[in-house]
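The lines below spell out each chain.
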Amino acid sequence: KGRPVLLLKVHFPKKVNGKYITPSIDVYKDFLAQIRSYRGLFCVFMPHPKFYEQLEKLEGLRSVRKFKDVLDQSENVIECADDDYRPTLMAADFHIVDRSALLIEAGVTGKPVLYVEAQSEEKMTLPVERILSSYYRAKDARGIFKFIEEVVMMDVDPRKEERLIAISDEIPARRERS
């Protein structure tokens, strides 16, 4: 329908040393509760394969059902659970990721990337940190919607050059193929 496609790739809720190294599940609940009002946008929700299992352990089966109901009731949101995420990654116009391996792959596409920060930051390698520093960032649903309003809906990418330089500097093989 000509709408921008937003990929929301989420990790499962995870604790290390008693602290969550992923965003609160409430961030995604708040996001999904509001994204329906953005009819000019199409969102692909791609959870980690363990997402629902971990959500059930944290909050119970009722919470999983409610989460899936919100997805099902949203005209502009679909869930993608395909084993091969690459076609979806490449087809999306914008990416929202958290503690996922797709964190780097999303940047390599050249498209805008929003990193949703965890409640407690995890140590990352210097190359990953450099790339991450070139991404848009949010701590909550309000920050995600700010990205949607200012980048996605306006179809602008003020951080593009910075992001492409960071990726090129930190991933030499990509630079050699360019």
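A quick note: this is a predicted structure, and the numbers were derived from the prediction, not measured.

(A) Representation of the packing of aromatic side chains within the structure. Summed over the entire model, instances satisfying the criterion amount to eight aromatic pairs. Both rings, one in Tyr38 and one in Phe145, keep their centres 5.2 Å apart while their planes meet at 20 degrees; by these two values the pair is stacked. Placement of the pair is Tyr38 in the loop between helix H1 (25-35) and strand S4 (42-47) and Phe145 in helix H7 (residues 141-152), with a sequence separation of 107 residues. Between the aromatic rings of Tyr52 and Phe67, the centroid separation amounts to 6.1 Å while the plane-to-plane angle is 75 degrees, which identifies the pairing as edge-to-face. Taken together, the positions of Tyr52 in helix H2 (residues 51-59) and Phe67 in helix H3 (residues 61-72) put the pair 15 residues apart, joining distant regions of the chain. Relative accessible area serves as the criterion here: at 13%, Tyr52 is assigned to the buried category. Take Phe67: its relative accessible area is 4%, and that puts it in the buried class. One aromatic cluster is present, formed by Phe45, Phe51, Tyr52 and Phe67 through successive ring pairs. Lying across the ring of Tyr52, Lys68 places its NZ or CZ 4.3 Å from the centre.

(B) Inspection of the sheet that holds strand S8 (residues 136-138) at higher detail. On the basis of which strands lie adjacent, the open sheet formed by six strands has the order S5-S4-S1-S6-S7-S8 and parallel pairing. Two strands in the sheet have a free side with no partner beyond their single neighbour: strand S5 (77-79) and S8. Averaged over neighbouring strand pairs, the angle between their axes works out to 20 degrees when direction is ignored. Note that strand S6 (residues 94-97) and strand S7 (residues 113-116) share three bridges and pair parallel. Bridge pairing links Val97 to Tyr115 in S7. Along the sheet, H2 contacts strand S1 (5-10), S4 and S5; its crossing angle with S4, the most-contacted strand, is approximately 75 degrees.

(C) Structural view of the side chain of Asn76. Along the chain, Asn76 turns up in the loop between H3 and S5. At a separation of 2.8 Å, a polar atom in the side chain of Asn76 contacts the main-chain carbonyl oxygen of Tyr38. Look past the residues within four positions of Asn76 in its chain and what remains in contact with it is Arg3, Ile35, Arg36, Tyr38, Arg39, Leu41, Phe42 and Cys43.

(D) Representation of the side chain of Arg163 within the structure. One can find Arg163 in helix H8 (residues 160-170). Accessibility expressed as a relative area gives 0% for Arg163, which makes it buried. Polar contacts involving the side chain of Arg163 include one to the side chain of Asp157, which spans 2.4 Å. If near-sequence neighbours (up to four positions away) are discounted, Arg163 is found in contact with Gly110, Lys111, Pro112, Val113, Ser134, Tyr135, Tyr136 and Asp157.

(E) Highlighting the state of the cysteines. This model, assessed by the stated rule, comprises zero disulfides. The cysteine Cys43 is free of any disulfide, with Cys80 supplying the nearest cysteine sulfur at 11 Å. Taking relative accessible area as the criterion, Cys43 reaches 0% and is therefore assigned buried.

Parameters at a glance
Along every chain, residues carry numbers that run from 1 in the direction the sequence is written. Only residues with pLDDT of 70 or above have their local features reported here, since the model is predicted, and side-chain atom pairs are shown and tallied only from 80 upward, although totals for entire chains, interfaces and linings are computed over all residues. The side-chain numbers reported here are obtained from all heavy atoms of the structure, hydrogens and water having been left aside. Aromatic pairing here means that ring centres of Phe, Tyr or Trp (its six-membered ring) are within 6.5 Å. Orientation follows from the plane angle: under 30 degrees is stacked, over 60 is edge-to-face, and everything else is tilted. The helix and strand labels rest on DSSP assignments: H or I over at least four residues marks a helix, E over at least two residues marks a strand, and numbering proceeds from the N terminus. Burial classification: accessible surface area is computed with a 1.4 Å probe over protein chains only, and a residue below 20% of its type maximum counts as buried, one above 50% as exposed, and the rest as partly exposed. Criterion for a charge above a ring: Lys NZ or Arg CZ within 6 Å of the ring centre, and within 35 degrees of the ring normal. Between any two strands, pairing holds if DSSP finds at least two bridges. What counts as an axis is a line fitted to C-alpha atoms, over the stretch in contact for a helix, and the angles between N-to-C directions run from 0 to 180 degrees. Contacts between residues were defined by any pair of non-hydrogen atoms, one from each residue, lying within 4.5 Å. Contacts described as polar in this section are N or O atom pairs within 3.5 Å, which, within protein, must combine one atom able to donate a hydrogen with one able to accept it, while residues neighboring in sequence count only if both atoms come from side chains. A pair of sulfur atoms, both from cysteines and within 2.5 Å, is called a disulfide here.

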